[in-house]
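Structural features, examined
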There are 2 protein chains.
Amino acid sequence: MIRIGIMGYGNLGRGVEAAIAHNPDMELAAVFTRRSPDGLKIATEGVPVFHCSEAEAHKDDIDVLILCGGSATDLPKQTPEYIRLFNVVDSFDTHANIPEHFDAVDASGNKYGRLGLISCGWDPGMFSLNRVYASAVLPDCATYTFWGKGVSQGHSDAIRRIEGVKDARQYTVPVSEALDRVRSGENPELTTRQKHTRECYVVVEDGADKERIEREIVTMPNYFSDYDTTVNFISEQELKEKHGGIPHGGFVISSGKTGLNGEYDNVIEYSLKLDSNPAFTSSVLIAYARAVYRMSKEGKTGCVTVLDVPPAYLSPLAPEQLRKSML
Amino acid sequence: MIRIGIMGYGNLGRGVEAAIAHNPDMELAAVFTRRSPDGLKIATEGVPVFHCSEAEAHKDDIDVLILCGGSATDLPKQTPEYIRLFNVVDSFDTHANIPEHFDAVDASGNKYGRLGLISCGWDPGMFSLNRVYASAVLPDCATYTFWGKGVSQGHSDAIRRIEGVKDARQYTVPVSEALDRVRSGENPELTTRQKHTRECYVVVEDGADKERIEREIVTMPNYFSDYDTTVNFISEQELKEKHGGIPHGGFVISSGKTGLNGEYDNVIEYSLKLDSNPAFTSSVLIAYARAVYRMSKEGKTGCVTVLDVPPAYLSPLAPEQLRKSML
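Here's what I pulled together on the structure shown here. (Residues numbered from 1 in each chain as written. Chains lettered and ligands numbered in written order. Predicted model: local features only at pLDDT ≥ 70, side-chain atom pairs only at ≥ 80, totals over all residues. Heavy atoms only, no water.)

What to know about the pairing of strand E9 (residues 165-174) of chain A
Residues and elements named next belong to chain A. Test applied: Per-residue accessibility, obtained with a 1.4 Å probe over protein chains only, is compared with the maximum for each type, and a residue is labelled buried under 20%, exposed over 50%, and partly exposed between these values. Put simply, DSSP H or I for four residues or longer makes a helix, DSSP E for two residues or longer makes a strand, and each gets a number counted from the N terminus. We call two strands paired when DSSP finds no fewer than two bridges between them.
Across the 10 residues that make up E9, a large majority, 8, are buried. Relative to E9, strand E8 (residues 150-151) runs antiparallel, the two sharing 2 bridges. Residue pairing in the sheet places Gly150 in a bridge with Thr172 of E9.

Rendered as structure tokens:
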């Protein structure tokens, strides 16, 4: 049994707990929280909850610690810190800061003889794998990533900060005409506006100025001004009933040529359709925790990413069984 | 520069030659043939052509030899034999015999200190990767593989062997209703007949009995009797004009549940649309030749498959560049 620890019990932490239940070779060993552990009731019976300050006392009870904090402030500190005690996996997703985060985790992991896998999930994660595979197989290809249809937490939060807004949900939606053009192999140049639209469902306070709120949304720099945005005002009840989930997904499409004179077209497409973004992300984290456990047993230390992991390491099946049943 | 050798100059060998031209870190060092080397004119200027019996004399001039023979009789002999002299990559695709082939190549590779990668291409190959990734991330998922629309050489050959047939082309076509049901996440049980249809384009000799030929095709055991097959009789001219290519492709679709009580549905889909089957297969072989070169430099010997190769090893980009630009 691979003993998994969870650091942080939000959407992602609960997702990891659920994912462990789908993997018979894994068990949840402990949950760590910044809150008071006494007040935290988790879903799995008989698993202890500790304050994060107690982590060191449990370093020999856990094979891989999954860090379930946020990328903005938690993970840049937590991952290099906890790798001193544990093999770790995180879902650090601030693309621009990955090199810096990698170096910090690599240095700490090598110093303390532990292995860390960063930036795991679906983007970065499964989508990254597909970008790398496609560009290696079709060296001249153009690769396009589309997100959605799915809920963007960051954009939903940005709307909630507007005066007069009680609650909001924002969906990122890929433009189907753009998808079709990319799939056709024409390698179009697409602006931000041509790739995605943004759909907002907004609940306002009684008597709020809807015109002003809509204007503030669609003109908001960085978040909405570069997109075609639609704003729908709905009741609190409707938001709860129809927009309570956190679905997401997307597409990685690569098109490139083969043949001595580039005479053949090829399109490679990978897509995800997910009812719950955090539940799927957690499932990826847990599969890679298995790989980290195995690579660590082989003596690997420092930092790796999904790009460094042989696919067979993710599976509970033995290599000969994989070759027989899946190759 | 990675020095590539090609063993066998058919569709696949010519595809490998073309794929090398798309990869600036590779060069074609030599082509080996069972025919008379004097009669063989290859597309690349200044590259020597040798008889296959001369391979040993060139073992130090080639980093990876790509074996471009067939799976039925060539590769089971060639791969364990040539790995005594070279690192090798093959496209062995008789799924049922992969374990046996692996063992033979592994034993020979370990004995002679060389590395071989077998069963490379798109199925087995890229499709295998996607079956393994999906089943690791969604342990309870159902995975479906569909092939086509594309030309099946084996089925085309089977039709050509019928008396009165001059030429033929057979397309394997996935049933779109089956694709839709799988994508919907309903996890249907599908018979052979429900997954694919077979479309045949047949040119007959003057005065041949078309009714008999059609009956022989649609009732042919193993090849056609389990499928809904349509037979179209066309002229030699039309076959040449409209069915001269070797397109192929297909879909790997996995659907599985996440969440503590399996309350969330997820669909993962990978698809390929290829103008030329051998040209794309060759492009995959060449990307994995890069990985074999690198793993061999690290001291790895014996046999591996695509499931054993870290994705980063396929790319000409350095790991830090991959993390920065593609993760």
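A short note on the layout of surface pockets
A probe matching the size of a water molecule, rolled over the atoms, marks out where space remains unfilled. We apply this condition: Here the term cavity refers to a set of points on a 1 Å grid, laid over the protein atoms alone, in which a 1.4 Å probe fits but cannot get out; the term pocket refers to an open set having protein on both sides within 12 Å along at least five of seven lines, with lining residues being those that place an atom within 4 Å of a point. Grid points are joined across faces, edges and corners, and a volume is the space filled by probe spheres set on the points. For this scheme, ten residues count as nonpolar: Ala, Val, Leu, Ile, Met, Phe, Trp, Tyr, Cys and Pro. Four count as charged, namely Asp, Glu, Lys and Arg, and the remainder, Gly too, count as polar.
A volume near 1500 Å³ is recorded for the largest pocket. Taken together, the elements giving at least two residues each to the lining of the largest pocket come down to helix H1 (11-21), strand E2 (26-33), helix H2 (74-82), helix H5 (153-160), helix H7 (192-195), strand E10 (196-204) and helix H10 (277-297) of chain B. Of the residues contributing to the lining of the largest pocket, the split by class is 15 nonpolar, 23 polar and 7 charged. Here the second largest pocket is characterised by a volume of approximately 1300 Å³. Around the second largest pocket sit 34 residues that line it, and Asp93(A), Asp123(A), Gln153(A), Gly154(A) and Asn277(A) are the ones nearest its centre. Counting residues per element, the ones that place at least two in the lining of the second largest pocket are helix H1 (11-21), helix H5 (153-160), helix H7 (192-195), strand E10 (196-204) and helix H10 (277-297) of chain A. Of the residues that constitute the lining of the second largest pocket, the class distribution is 12 nonpolar, 18 polar and 4 charged.

Considerations on the packing of aromatic side chains
All names here are of chain B. As a reminder, the rule being used: Here a pair means two rings of Phe, Tyr or Trp (six-membered ring of Trp) with centres within 6.5 Å. Their orientation is stacked below 30 degrees between planes, edge-to-face above 60, and tilted elsewhere.
Tallied over the full model, the rule gives 11 aromatic pairs over all chains. Aromatic side chains Trp122 and Phe127 sit 5.3 Å apart centroid to centroid with 80 degrees between the ring planes, which places their arrangement in the edge-to-face category. On the basis of relative accessibility, which here comes to 0%, the residue Phe127 falls in the buried class. Aromatic side chains Tyr171 and Tyr201 sit 5.8 Å apart centroid to centroid with 80 degrees between the ring planes, which places their arrangement in the edge-to-face category.

Brief notes about empty space enclosed by the protein
Per the stated rule, a full pass over the model turns up 3 cavities of 30 Å³ or more. Put simply, the largest cavity is a space of about 70 Å³. Around the largest cavity, the lining residues are Asn130(A), Tyr133(A), Ala134(A), Val252(A), Ser254(A), Ile268(A), Glu269(A), Tyr270(A), Met126(B), Asn130(B) and Tyr270(B). For the lining of the largest cavity, the elements supplying multiple residues, two or more each, are helix H4 (126-137), strand E12 (248-258) and strand E13 (264-274) of chain A together with helix H4 (126-137) of chain B.

Here we look at the relation of the copies chain B and chain A
Quick note on the threshold: Copies are brought into register by a least-squares superposition over C-alpha atoms of residues with pLDDT of at least 70 in both. We call two residues in contact whenever any of their non-hydrogen atoms come within 4.5 Å of each other.
With an RMSD of 0.1 Å, the operation that places chain B on chain A is a rotation of 180 degrees combined with a shift of 0.0 Å along the axis. Look at the turn and shift together and you get a two-fold axis relating the two. Of the interface residues in chain B, 100% have counterparts in chain A that sit at the interface too, so the contact is made through matching surfaces.

Concerning the interface of chain B and chain A
The following threshold applies: Here the buried area means the combined drop in accessible surface, using a 1.4 Å probe, for two parts upon being joined, counting both sides.
If you look at the interface, chain B gives 67 residues, while chain A gives 67 residues. A combined buried area of about 5700 Å² lies between chain B and chain A, and 66% of that area is made up of carbon and sulfur atoms. Elements with a minimum of two residues in the side of chain B that touches chain A: H1, helix H3 (98-112), H4, strand E12 (248-258), strand E13 (264-274), H10 and helix H11 (319-325) of chain B. Here the side of chain B that touches chain A gets 11 residues from one element, more than from any other, and that element is E13(B). Class assignment for the residues of the side of chain B that touches chain A results in 36 nonpolar, 17 polar and 14 charged. When E13(A) meets E13(B), the two strands line up antiparallel, connected through 9 bridges. Bridging across to E13(B), Glu269(A) finds its partner in Ser271(B).

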